[in-house]
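Analysis of the macromolecular model
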Amino acid sequence: MNLSIDTHSFQAQLLGLRTTLLAQISEQRGGVLSRAEVAADHFSNVQDSHAQTTTQRDLEFALNERETAELEAIDAALQRLEVGTYGVCADCSEPITKARLLATPEVTRCIACQEKSEHLSH
Ligand SMILES: [Zn+2]
């Protein structure tokens, strides 16, 4: 290992993030249920209920998808910690700076590669 990072502290941080995220997701699922109950009260308003339902579903889907992606990123980071490839850029194989890892422990790319990939996707 040529990386001078404290894998144990990153592992603890990632596990903490994972727990927080899972709690958020389950809280949100609960929120979805109560919002559905609230929506049932306005069932008589048929005319624009379709548009509202679609928007709300899209929003919930987007939130879930983002959280799922974040959860996957955290799991992948934990896996990299286990196999010893944590903190290495997935694109250029250069070490990711410790400051960047501390700010976002689940990142897979160094700043340069992240900027490059964001440029490409816009
Ligand atoms: Zn890179």
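Here the structure is shown first, and the text comes after it.
Here's what I pulled together on the structure shown here. Since the model is a prediction, treat every value here as computed from it, not as a measurement. (Residues numbered from 1 in each chain as written. Predicted model: local features only at pLDDT ≥ 70, side-chain atom pairs only at ≥ 80, totals over all residues. Heavy atoms only, no water.)

1. Some details on the overall build of the protein chain
- Counting its regular elements, the protein chain contains four helices and zero strands.
- The N-to-C order of helical and strand elements in the protein chain reads α-α-α-α.
- Here the protein chain, with 122 residues, has 21% of them falling under the buried criterion.
- Of the contacts formed within the protein chain by residues at least 6 apart in sequence, a portion of 62% connects residues at least 24 apart.
- A total of about 8,700 Å² of accessible surface is found on the protein chain, and carbon and sulfur atoms cover 56% of it. (Helix = DSSP H or I, 4+ residues; strand = E, 2+ residues; numbered from the N terminus. Buried < 20%, exposed > 50% of the residue type's maximum accessible area, 1.4 Å probe, protein only. Contact = heavy atoms within 4.5 Å. Areas by Shrake-Rupley, 256 points an atom, 1.4 Å probe, with all protein chains shown as cover.)

2. A closer look at the coordination of the zinc ion
- Note on the zinc ion: its protein donors are Cys-89 (SG), Cys-92 (SG), Cys-110 (SG) and Cys-113 (SG). The metal-donor distances range over 2.2 to 2.3 Å.
- Here the donor residues of the zinc ion are spaced in sequence according to C-x2-C-x17-C-x2-C. Each of the two residues, Cys-110 as well as Cys-113, counts as buried. (Donors = N, O, S within 2.8 Å, 3.2 Å for Na, K, Ca; no water.)

3. Points about the pattern of salt bridges
- Taken as a whole and assessed by the stated rule, the structure comprises two salt bridges.
- Between Arg-18 and Asp-75 there is a salt bridge, with the nearest N and O atoms lying 2.6 Å from each other. In this pair, Arg-18 is assigned in helix 1 (residues 7–41) and Asp-75 in helix 2 (residues 49–83), connecting sequence segments 57 residues apart.
- A salt bridge links Asp-91 to Arg-109; the nearest nitrogen and oxygen atoms lie 2.8 Å apart. Here Arg-109 lies in the loop between helix 3 (98–103) and helix 4 (111–121) and Asp-91 lies in the loop between helix 2 and helix 3, a separation of 18 residues in the sequence. (Salt bridge = Lys/Arg side-chain N within 4 Å of Asp/Glu carboxyl O.)

4. Topic: the packing of aromatic side chains
- Per the counting criterion, the structure on display carries one aromatic pair.
- The interplanar angle of 50° and the centroid separation of 5.4 Å between the aromatic rings of Phe-10 and Tyr-86 together place this pair among those described as tilted. Within this pair, whereas Phe-10 is found in helix 1, its partner Tyr-86 is found in the loop between helix 2 and helix 3, the two being separated by 76 residues in sequence.
- Judged by its relative accessible area of 2%, Tyr-86 falls in the buried class. (Phe/Tyr/Trp six-rings, centres within 6.5 Å; stacked < 30°, edge-to-face > 60°.)

5. Brief notes about the environment of Gln-13
- Here Gln-13 lies in helix 1.
- As a C-alpha pair, Gln-13 and Ile-74 span 61 residues in sequence and 9.9 Å in three-dimensional space.
- Every residue in contact with Gln-13, bar those within four places of it in the chain, is listed here: Leu-102 and Pro-105.
- Within the structure, Gln-13 has its side chain in polar contact with the backbone oxygen of Leu-102 (distance 3.3 Å). (Polar contact = N/O pair within 3.5 Å; in protein donor to acceptor, adjacent residues only side chain to side chain.)

6. Thoughts on the nonpolar core
- Judged by nonpolar contacts, the single largest core of 17 residues is most densely connected at Phe-10, Leu-14, Leu-81, Tyr-86, Ile-96 and Leu-101.
- With five residues, helix 2 is the largest single contributor of residues to this core.
- Contact partners of Leu-81, with chain neighbours within four places excluded, come to Thr-7, Phe-10, Gln-11, Leu-14 and Tyr-86. (Core = buried A, V, L, I, M, F, W, Y, C linked by side-chain atoms within 4.5 Å.)

Keep in mind these values describe shape, not function.
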